[in-house]
Amino acid sequence: MAAAKRISDEPAFVLHSYDWSESSLILEVFCRHHGRVALVAKGVKKPSSNFRPVLLPLQPLALTYSLAGNGEGDIHTLKGAEWVGGHVMPTGDALMSGLYLNELLLRLLARADPHASLFDAYAGVVRVLASEHGDALEPVLRSFELLLLREIGLLPALDVQTMTFAPLQPDTRYTLVPEGGLRAASPSDRAGLQGSQWMALQRGLDDVASYTATLRACAPFAAELKPQLRTLLQYHCGSPTLRTRQLMIDLQAL
């Protein structure tokens, strides 16, 4: 009988975990080379488990796991996990923001579909969330939302009108809508950006260093971008409202 194939020292982050048995968990993880992967962590809930303090969200890990069956099974078996280190757990708004991004990845990424550049951007965002981020939180979230939508093919080109392919006019206001893409804003559209701003975002996304370039591009108008991206993301995630998004709304209402 052939030995199970093993993936070793894979850079990864835990996105979510849920009970599988009295002593075990199912982990949804985001791996750099293998995309979103489901793992069973056997015995992890036992007090004696070495994995318990390691398998936390928003922490950089190196995972080793064996593939189920012929490697095409949905749930693989965790064999090793090490904390790579580098930063502490985010807290407060930064923690909620990180869990929101995790939920987006769970909803929008297919399993076993690698996105190495998106993984690297996510790792960069997590480092910011764990730091004294100050005013960087909003631009960091908006830039990651843009990169995620672009990476999975759900973001239209931001330098032309989607339906007509007409080039944007720098001083004309445009809005991004789920079913129509980027179009000229009407007086009733509360959210929108100038053509020059949309084109700056496209240049950032096209840059070789797309994470930092997109972050820099969206920083001056991240607040105006937020409702448009949130509407687009919710449209593609489907209903119900994202759990972390609803929790943030509820907390702000207290």
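Residues numbered from 1 in each chain as written. Predicted model: local features only at pLDDT ≥ 70, side-chain atom pairs only at ≥ 80, totals over all residues. Heavy atoms only, no water.

Some details on the confidence of the model for the protein
Moving on, step 1. Residues of the protein with pLDDT of at least 70 account for 90%, and the chain-wide mean is 90.
Moving on, step 2. Mean pLDDT across the secondary structure elements of the protein bottoms out at helix H7 (residues 243–253), with 55, and peaks at helix H4 (residues 195–206), with 98. (pLDDT = per-residue confidence, 0-100. Helix = DSSP H or I, 4+ residues; strand = E, 2+ residues; numbered from the N terminus.)

Thoughts on the nonpolar core
Moving on, step 1. The biggest cluster of nonpolar side chains holds 48 residues, and the ones touching the most others in it are Leu105, Tyr122, Phe144, Trp198 and Leu201.
Moving on, step 2. Elements supplying a minimum of two residues to this core: strand S1 (6–19), helix H1 (92–108), helix H2 (116–129), helix H3 (137–151), strand S6 (173–177), H4, helix H5 (210–218) and helix H6 (222–237).
Moving on, step 3. Per-element accounting of this core gives the leading share, nine residues, to H2.
Moving on, step 4. Setting aside residues up to four positions removed in sequence, Phe144 forms contacts with Leu101, Leu105, Leu118, Ala121, Tyr122 and Val125. (Core = buried A, V, L, I, M, F, W, Y, C linked by side-chain atoms within 4.5 Å. Buried < 20%, exposed > 50% of the residue type's maximum accessible area, 1.4 Å probe, protein only. Contact = heavy atoms within 4.5 Å.)

Remarks on the side chain of Thr64
Moving on, step 1. Inspection of the secondary structure puts Thr64 in strand S4 (residues 61–66).
Moving on, step 2. Among the residues examined, Thr64 registers a relative accessible area of 12% and is labelled buried.
Moving on, step 3. For Thr64, the side chain forms a polar contact with the main-chain nitrogen of Asp9, separated by 3.2 Å.
Moving on, step 4. The contact partners of Thr64, leaving out residues within four places of it in the chain, are Arg6, Ile7, Ser8, Asp9, Thr77, Leu78, Lys79 and Gly80. (Polar contact = N/O pair within 3.5 Å; in protein donor to acceptor, adjacent residues only side chain to side chain.)

Observations concerning the sheet that holds S6
Moving on, step 1. The antiparallel open sheet is built from three strands, whose spatial order is S7-S6-S8. What marks the edges here is a single partner per strand, and that holds for strand S7 (181–184) and strand S8 (193–194).
Moving on, step 2. Where S6 meets S8, two bridges bridge the pair, whose relative direction is antiparallel. Bridged to Tyr174 within S8 is Leu193. (Pairing = 2+ DSSP bridges.)

Some remarks on the environment of Gly238
Moving on, step 1. Position of Gly238 among the secondary structure elements: in the loop between H6 and H7.
Moving on, step 2. The spatial distance from the C-alpha of Gly238 to the C-alpha of Arg107 is 8.8 Å, given a sequence separation of 131 residues.

Focus: the environment of Leu155
Moving on, step 1. Position of Leu155 among the secondary structure elements: in the loop between H3 and S6.
Moving on, step 2. Classification of Leu155 by relative accessible area gives buried; the value is 12%.
Moving on, step 3. Along the primary structure Leu155 and Leu232 are separated by 77 residues, whereas in three dimensions their C-alpha atoms are 8.9 Å apart.
Moving on, step 4. Those residues within four positions of Leu155 in sequence are excluded, and the remaining contacts are Leu146, Leu149, Arg150, Leu176, Leu205 and Leu232.

Description of the packing of H3 against H6
Moving on, step 1. Look at H3 against H6: their axes get within 10 Å of each other, and the N-to-C directions meet at 40 degrees. Classed by the angle they form, the pair H3 and H6 counts as oblique. For H3 against H6, the interelement crossing comes out left-handed. Within the contact between the two elements, H3 uses Glu138, Pro139, Arg142, Glu145, Leu146 and Leu149 and H6 uses Ala222, Ala223, Leu225, Lys226, Leu229, Arg230, Leu232, Leu233 and His236.
Moving on, step 2. For the contact of H3 with H6, the residue count by class is nine nonpolar, one polar and five charged. (Axes fitted to C-alpha atoms, helices over the stretch in contact; angles between N-to-C directions. Parallel < 35°, antiparallel > 145°, perpendicular 65-115°, else oblique. Left-handed = near helix turned anticlockwise from the far one by under 90°. Nonpolar A, V, L, I, M, F, W, Y, C, P; charged D, E, K, R; others polar.)

Regarding the sheet that holds strand S2 (residues 25–31)
Sheets are built from strands paired through backbone hydrogen bonds, the pairs being either parallel or antiparallel.
Moving on, step 1. Spatially, five strands are ordered S1-S2-S3-S5-S4 in a closed barrel, and the strand pairing comes out mixed. In this sheet, neighbouring strand axes are inclined to one another by 55 degrees on average, regardless of whether the strands run parallel or antiparallel.
Moving on, step 2. Where S4 and strand S5 (residues 75–83) come together, six bridges link them in antiparallel fashion. Residue pairing for S5: Ser66 is matched across the bridge by Thr77.

Some remarks on unusual backbone geometry
Moving on, step 1. Here Leu58, not a glycine, exhibits a phi torsion of approximately 60 degrees, which is positive.
Moving on, step 2. Within the fold, Leu58 resides in the loop between strand S3 (35–41) and S4.
Moving on, step 3. For Ala112, which is not glycine, the phi torsion reads 60 degrees and is therefore positive.
Moving on, step 4. Locating Ala112 in the fold gives a position in the loop between H1 and H2.
Moving on, step 5. Since its relative accessible area comes to 60%, Ala112 is described here as exposed.

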